[in-house]
Amino acid sequence: MATLTHSSSFTHLFTKLSLKPKKFTSPSRIRMSLQENAPSLAVVGVTGAVGQEFLSVLSDRDFPYGSIKMLASKRSAGKQITFEDRNYTIEELTEDSFDGVDIALFSAGGSISKHFGPLAVEKGTIVVDNSSAFRMEEGVPLVIPEVNPEAMKGIKVGMGKGALIANPNCSTIICLMAATPLHRHAKVKRMVVSTYQAASGAGAAAMEELELQTREVLEGKPPTCNIFKQQYAFNLFSHNAPILSNGYNEEEMKLVKETRKIWNDMDVKVTATCIRVPVMRAHAESVNLQFEKPLLEDTAKSILKSSPGVVVIDDRASNHFPTPLEVSNKDDVAVGRIRHDVSQDGYSG
Ligand SMILES: NC(=O)C1=CN([C@@H]2O[C@H](COP(=O)(O)OP(=O)(O)OC[C@H]3O[C@@H](n4cnc5c(N)ncnc54)[C@H](OP(=O)(O)O)[C@@H]3O)[C@@H](O)[C@H]2O)C=CC1
Ligand SMILES: N[C@@H](CC(=O)OP(=O)(O)O)C(=O)O
């Protein structure tokens, strides 16, 4: 029914993020969210593509904080980072990092989350985890704030009690930001998703590799393949996540399982094909929905137009629909190519 584009990545406790290419260049802004009596924060994986976006979003949204710890690996410890006109020294992530921390934003990979997340929770920290480590764990809310904020009700800063909140996979988030309002109206029976995923989803090093390879190929040199095992520039390939015994890759099965958990609907039928495309930032998706109840095209459009975090770009006359370039560094999910599926009877898809 629609093509969706979103600045690659994820939604977490307080926002959705888009990935920018900067490393160690946190935004220098006039607005300051540093306040007395505000929560103490920690950003785990602060030097990474996502960590840098955490900082941008904290600043963009004036998220109040009393202090902020910049955490990364031993490799980055001691390096300086500037955030909201203040210099911070990056600290190595250790088991003592969370003493006195109210909220920790984790984005340093699943194994780091698995080890340090529970330790932080034990110390009374609310952990918002961007990895896949806890998403499917029972009792851990898997939250897209615009979709299912009720899943994290009862988790409050300042209660002295730690908690884990998981952030879905970026492809799931993009898809459900648009599909959920329609699902609430006409109930989705089956969803077929195809993704066109940018380099940003694979981290800062993948973005650097795409840039380097593009230059190398244009100069007639063999492309450097460190992050992906094949040429990425001027090419596309099946998502690099491991292939499972059912023939799907892990990225595809995340879309299936996470949708069911977020919608609390174990019967919804979901299938996905995930592809990596040589785009620097912002994933795109084709989402085909089959509904239980009829849904008219105009109704779908007006539902989407009034959905939080969604913008409709659907100008048939000038053939103008969402593109990764247009949505990069923006938070909203852009939706276009909204149309009835001619292969479905009535208005059921
Ligand atoms: N939910 C979603 O939509 C998305 C989730 N992700 C998740 O976020 C994670 C990070 O992604 P991304 O930012 O793109 O990756 P990057 O490779 O750009 O960054 C990785 C970060 O993790 C840090 N790190 C690595 N090893 C350690 C360690 N032993 N201790 C502490 N910090 C460490 C790195 O620090 P250093 O610089 O010191 O090495 C760096 O800050 C991914 O692994 C994935 O789980 C990513 C994209 C989308
Ligand atoms: N979805 C990211 C990969 C990733 O980080 O996924 P997850 O958050 O589920 O580990 C990509 O574009 O490749």
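Thresholds, definitions, all that
Residues numbered from 1 in each chain as written. Chains lettered and ligands numbered in written order. Predicted model: local features only at pLDDT ≥ 70, side-chain atom pairs only at ≥ 80, totals over all residues. Heavy atoms only, no water. UniProt positions renumbered as here; feature names shortened; annotations may be inferred. Helix = DSSP H or I, 4+ residues; strand = E, 2+ residues; numbered from the N terminus. Salt bridge = Lys/Arg side-chain N within 4 Å of Asp/Glu carboxyl O. Buried < 20%, exposed > 50% of the residue type's maximum accessible area, 1.4 Å probe, protein only. Lys, Arg positive; Asp, Glu negative; His and termini not counted. Polar contact = N/O pair within 3.5 Å; in protein donor to acceptor, adjacent residues only side chain to side chain. Contact = heavy atoms within 4.5 Å. Near = heavy atom within 4 Å. Areas by Shrake-Rupley, 256 points an atom, 1.4 Å probe, with all protein chains shown as cover.

By the naming in an unreviewed UniProt entry, the protein chain goes by aspartate-semialdehyde dehydrogenase and is assigned to Dovyalis caffra. UniProt, in the comment section headed Catalytic activity (unreviewed entry), describes the protein chain in these words: "L-aspartate 4-semialdehyde + phosphate + NADP(+) = 4-phospho-L-aspartate + NADPH + H(+)".

### Focus: the UniProt feature "domain: Semialdehyde dehydrogenase NAD-binding" (unreviewed entry) in the protein chain
What UniProt calls "domain: Semialdehyde dehydrogenase NAD-binding" (unreviewed entry) maps, in this numbering, to residues 40-155. Here residues 40-155 runs as 22% helix and 25% strand, with 16 Å between its end C-alpha atoms.

### Digging into the pattern of salt bridges
Under the definition given, this model contains nine salt bridges. Salt-bridge contacts for K123 lead to D99; the nearest nitrogen and oxygen are separated by 2.9 Å. Of this pair, K123 sits in the loop between α2 (110-122) and β8 (126-129) while D99 sits in the loop between β6 (91-92) and β7 (103-106); the two residues are 24 residues apart in sequence, bridging distant segments of the chain. In this structure, the salt-bridge partner of E219 is K221, at a minimum N-O distance of 2.9 Å. Among the charged side chains, a salt-bridge network with shared partners connects D96, D99 and K123.

### Considerations on the side chain of D341
With respect to the secondary-structure elements, D341 resides in the segment after β15 (333-336). Put simply, D341 is tucked away with no salt bridge, and the nearest opposite charge, on R190, sits 7.8 Å away. In terms of polar contacts, D341 uses its side chain to reach the side chain of N288, at 3.0 Å. When residues no more than four places from it in sequence are discounted, the contact partners of D341 are N288 and G349.

### Quick word on the environment of A202
Inspection of the secondary structure assignment puts A202 in the loop between β10 (188-197) and α4 (204-218). Remark: the alpha-carbon pair of A202 and F237, spanning 35 residues in sequence, is separated by 13 Å. Aside from chain neighbours lying at most four places away, what touches A202 is F228 and R276.

### Regarding the site of ligand 1
Lining the immediate surroundings of ligand 1 are 27 residues, of which T47, V50, S73, S76 and S107 lie closest. Between R75 and ligand 1, the recorded distance is 2.9 Å, taken from a side-chain N or O atom to an oxygen atom. Within the contact set of ligand 1, a nitrogen atom lies 3.0 Å away from a backbone nitrogen or oxygen of P168. Coverage of ligand 1 by the protein chains reaches 77% of its 920 Å² of free accessible surface.

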